[in-house]
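# Structure at a glance
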Amino acid sequence: MQFEFDKQVLHLYICSMKILVTGAAGFIGSNLTKKLEQVYPDASIVAVDDFSSGIKENLKDFKGVVLNGRIENINFLKTLEGPFDVIFHQAAITDTTVTDEERMMDVNVFAFEKLLKLVDPQKTKIVYASSAGVYGNGPVPMKETQVLLPLNAYARSKAKLDEVAMDFAAKTGMTIVGLRYFNVYGPGEPQKGKAASMIYQLARQMIEGHHPRIFKYGEQDRDFIYVKDVVNANLKASNSEASCVVNVGTGVATSFNKIIEILNAVLGTDFKPEYFDNPYDFYQDHTLADTSSAKGKIGFEAKYSIEEGIEDYVRNYLIS
Ligand SMILES: NC(=O)c1ccc[n+]([C@@H]2O[C@H](COP(=O)([O-])OP(=O)(O)OC[C@H]3O[C@@H](n4cnc5c(N)ncnc54)[C@H](O)[C@@H]3O)[C@@H](O)[C@H]2O)c1
């Protein structure tokens, strides 16, 4: 199934523009970078990554400039000619089991703050990746306005990031859009290992002929969103005239048991889940996005249902 990007967004970018993507060799960053190149062929695109969790392979057909650098040393941007029209900031420590709070804040928050101070608030728009992790085990559906209950260092860094971004936008007038991604799955994630999506982990096990292993009793549910929808949310956000932080989810939660059912249907298998104890005490048992703000503020709605997303992912990327 093929979905088209919004014509309104396309129209805005007809003239040549300058785009920076940080974390461009990672899962979401690489999907975004390649789509930007495809949709806006005249744009000059600079991709930055330190390859700590991203890989060169993810950008192998990308024709723009790839800079191997850490966002903490973002001063090198000054050496690049002319201001960026849009910066898509995806770089972050994404392993939610990392407990070094200081390092997490340095990379996920302070480096971004430094980046904000380097750009011209009147010329550059910023779209950055936040996370549904900020809601912790708060009530569902999760609304942007509810009390944040981050459960780990990663989620705390994202909550702080949103605060820093919105303060900066209010003070300078810069347009900054934060996207609270829910559980993203899709091509380009295998190198994330244990941090890759549950859908990838289960599909891999089943493709290799094993029973899928999930935490007891598979009833945890998540708002899983396909990476192609997340890319589209970034494009929509870059068209926004106002700063905001919005959820990027589908508005539908799916249990791990149901994911296995869908994978069995796509793969033509009949694997039963193997249940084991959840070792984590900071686990989000339920995530579900309230999607009304994303729709109202940036015009974004996910187009792939869970069945369509998994089918596209498995057939076109995992078993092809
Ligand atoms: N995948 C998800 O389900 C999900 C959910 C919520 C939020 N997010 C956010 O989306 C963004 C992208 O996540 P992802 O899933 O693609 O993870 P990823 O780990 O594949 O991507 C992060 C990229 O940032 C790079 N990076 C890390 N530290 C860096 C540094 N100091 N300097 C330069 N580059 C650096 C990594 O090498 C990697 O390529 C992250 O900000 C993440 O927190 C992802």
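Remember, it's a predicted structure, so these values are computed and weren't measured experimentally.

In the predicted model, the chain carries a mean pLDDT of 92, and 95% of its residues have values of at least 70. When the criterion is pLDDT under 50, residues 1–14 qualifies, and its contacts beyond four places in sequence or with other chains add up to 26 contacts.

In terms of burial, helix 6 (residues 227–237) is largely enclosed, as 10 of its 11 residues are buried. All of the buried residues along helix 6 are Val227, Asp229, Val230, Val231, Asn232, Ala233, Asn234, Leu235, Lys236 and Ala237.

Turning to unusual backbone geometry, a few remarks are in order. Keep in mind that most residues, glycine aside, have a negative phi and that most peptide bonds are trans. In this structure, Pro141 follows Val140 across a cis peptide bond, with omega equal to -5 degrees. Take Pro141: it is sitting in the loop between strand 5 (125–131) and helix 4 (153–172). Lys216 connects to Tyr217 through a cis peptide bond whose omega is -10 degrees. Here Tyr217 lies in the loop between strand 8 (213–215) and strand 9 (221–222). Notably, Phe51 is not glycine yet its phi reads approximately 55 degrees, a positive angle. Tracing the backbone shows Phe51 in the loop between strand 2 (44–49) and strand 3 (65–68).

Close to the ligand lie 30 residues, the nearest being Asp49, Ser53, Thr94, Tyr154 and Lys192. Between the ligand and the protein, one listed contact pairs a nitrogen atom with a side-chain N or O atom of Glu72 at 2.7 Å. Contacts to the ligand include Lys192, whose side-chain N or O atom sits 2.6 Å from an oxygen atom. Within the complex, the protein chains bury 96% of what would otherwise be the 810 Å² of accessible surface of the ligand. For the shell around the ligand, the leading source of residues is strand 5, giving three residues. By residue class, the composition of the shell around the ligand is 13 nonpolar, 11 polar and six charged.

About the thresholds
- Residues numbered from 1 in each chain as written.
- Predicted model: local features only at pLDDT ≥ 70, side-chain atom pairs only at ≥ 80, totals over all residues.
- Heavy atoms only, no water.
- pLDDT = per-residue confidence, 0-100.
- Contact = heavy atoms within 4.5 Å.
- Buried < 20%, exposed > 50% of the residue type's maximum accessible area, 1.4 Å probe, protein only.
- Helix = DSSP H or I, 4+ residues; strand = E, 2+ residues; numbered from the N terminus.
- Near = heavy atom within 4 Å.
- Polar contact = N/O pair within 3.5 Å; in protein donor to acceptor, adjacent residues only side chain to side chain.
- Areas by Shrake-Rupley, 256 points an atom, 1.4 Å probe, with all protein chains shown as cover.
- Nonpolar A, V, L, I, M, F, W, Y, C, P; charged D, E, K, R; others polar.

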